[in-house]
Amino acid sequence: MPLTGLTIGCLGGGAMAQALLTGLIKSGVQTQNLYVSDTRRERLEFLHRELGVHTRANNSELVKESDVVILAVKPQVVEEVLEETGALFQPHQTLISIAAGIAIQFMESFLTHPVPVIRVMPNTPCLLGSGASALCLGTHAGARDRERAMAIFSAVGRAVEVPEELMDAVTGLSGSGPAYMYVILEALADAGVRVGLPRDVALLLSAQTMLGSARMVLETGEHPGRLKNMVTTPGGTAIAGVYALEEGGLRVTMMRAVEEATRRSREMSSALK
Ligand SMILES: NC(=O)c1ccc[n+]([C@@H]2O[C@H](COP(=O)([O-])OP(=O)(O)OC[C@H]3O[C@@H](n4cnc5c(N)ncnc54)[C@H](OP(=O)(O)O)[C@@H]3O)[C@@H](O)[C@H]2O)c1
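Residues numbered from 1 in each chain as written. Predicted model: local features only at pLDDT ≥ 70, side-chain atom pairs only at ≥ 80, totals over all residues. Heavy atoms only, no water.

As recorded in an unreviewed UniProt entry, the protein chain goes by Pyrroline-5-carboxylate reductase and comes from Desulfofundulus salinus. Per UniProt, the protein chain has the following entry under Function (unreviewed entry): "Catalyzes the reduction of 1-pyrroline-5-carboxylate (PCA) to L-proline." UniProt, in the comment section headed Sequence similarities (unreviewed entry), describes the protein chain in these words: "Belongs to the pyrroline-5-carboxylate reductase family." (UniProt positions renumbered as here; feature names shortened; annotations may be inferred.)

Shown next, in the form of structure tokens:
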């Protein structure tokens, strides 16, 4: 396991840090190797109590003690934190940032030494170990750093590597995607109610159908078009429903949603530079 014996520190102890630390513990990383720093003392006490990880009130101490530092503060705080700690990072460490929209080059500009940096875009289902994350490598990051990041984000879901110029597209698809899925789930549940199902039954059937279908795609490796063909019998119910989806322009609507979110991500990233 690429994380064996390494100390991992989360700089910022919010929702995402908690999700990552929980996933790492579940995947076998020992709590004695996990650290977290935060400006809020009660947050540190909570994380120590709940997870048993070491806590530090001082970010510099955390950076000095960690082989891998996960930068998990809000994007607006990244500059302040890197001004405080940038000179402390050493080339044997890996700096992994999950701050949305913060470019690798911007982070590297605060580092005194040639430190490997990895930028990651996770999504909220990481909180349940079912996240989708994409990562890209900085100037000094190599195979060792990629393996470290892959191991961390595979502990809270699935992870892929992309070039940095695709990070806005990732934000438009999987970063923003949970919102699209919730809208679809709510619409499906409404549809169930319209055809006579109680709302709780309709929502449970909708959500489990989405989960099961996603698992079919991921776990069988089959193309979704082929899986769709397998459940549409000639003249049957499913093809009647698919016809209505096509008539309503569902595919183009999904493409427009991702395109708009990608455009907005680009706009917001350039405002942060
Ligand atoms: N949540 C997601 O699904 C998601 C998805 C993709 C990417 N991200 C990225 O993940 C990062 C963290 O998100 P989050 O939802 O976990 O945020 P969060 O819950 O606000 O966590 C950030 C934590 O850092 C603390 N903090 C603020 N300033 C600090 C400083 N100078 N030094 C140390 N700690 C400091 C915050 O304290 P205060 O509350 O007192 O400020 C808070 O406890 C963000 O950059 C976000 O863009 C999140």
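A separate point is the domain arrangement of the protein chain. When the domains of the protein chain are assigned, the result is domain 1 (8-168) and domain 2 (175-270). Inter-centroid distance (C-alpha atoms) of domain 1 to domain 2 is 32 Å. In this assembly, eight residues from domain 1 lie in contact with nine residues from domain 2. Buried area between domain 1 and domain 2, both sides added, is near 640 Å², and the carbon and sulfur share of it is 50%. In this structure, the connection of domain 1 to domain 2 is made through two residue pairs in polar contact (both at pLDDT 80 or more). (Domains from an automatic or database assignment. Contact = heavy atoms within 4.5 Å. Buried area = accessible area lost by both parts, 1.4 Å probe. Polar contact = N/O pair within 3.5 Å; in protein donor to acceptor, adjacent residues only side chain to side chain.)

In this section: the sheet that holds strand β1 (residues 8-11). Each strand in a sheet pairs with another by means of backbone hydrogen bonds, the pair being arranged parallel or else antiparallel. Spatial strand order, β3-β2-β1-β4-β5-β6-β7-β8: eight strands in an open sheet with mixed pairing. Strands at the two margins of the open sheet, each flanked by one partner only, are β3 (54-56) and β8 (157-161). Strand-to-strand twist of the sheet, defined as the mean angle between neighbouring strand axes without regard to direction, takes the value 25°. With three bridges connecting them, strand β5 (residues 94-97) and strand β6 (residues 117-121) associate as parallel partners. Its bridge partner being in β6, L95 is matched across the sheet by V117. (Pairing = 2+ DSSP bridges. Helix = DSSP H or I, 4+ residues; strand = E, 2+ residues; numbered from the N terminus. Axes fitted to C-alpha atoms, helices over the stretch in contact; angles between N-to-C directions.)

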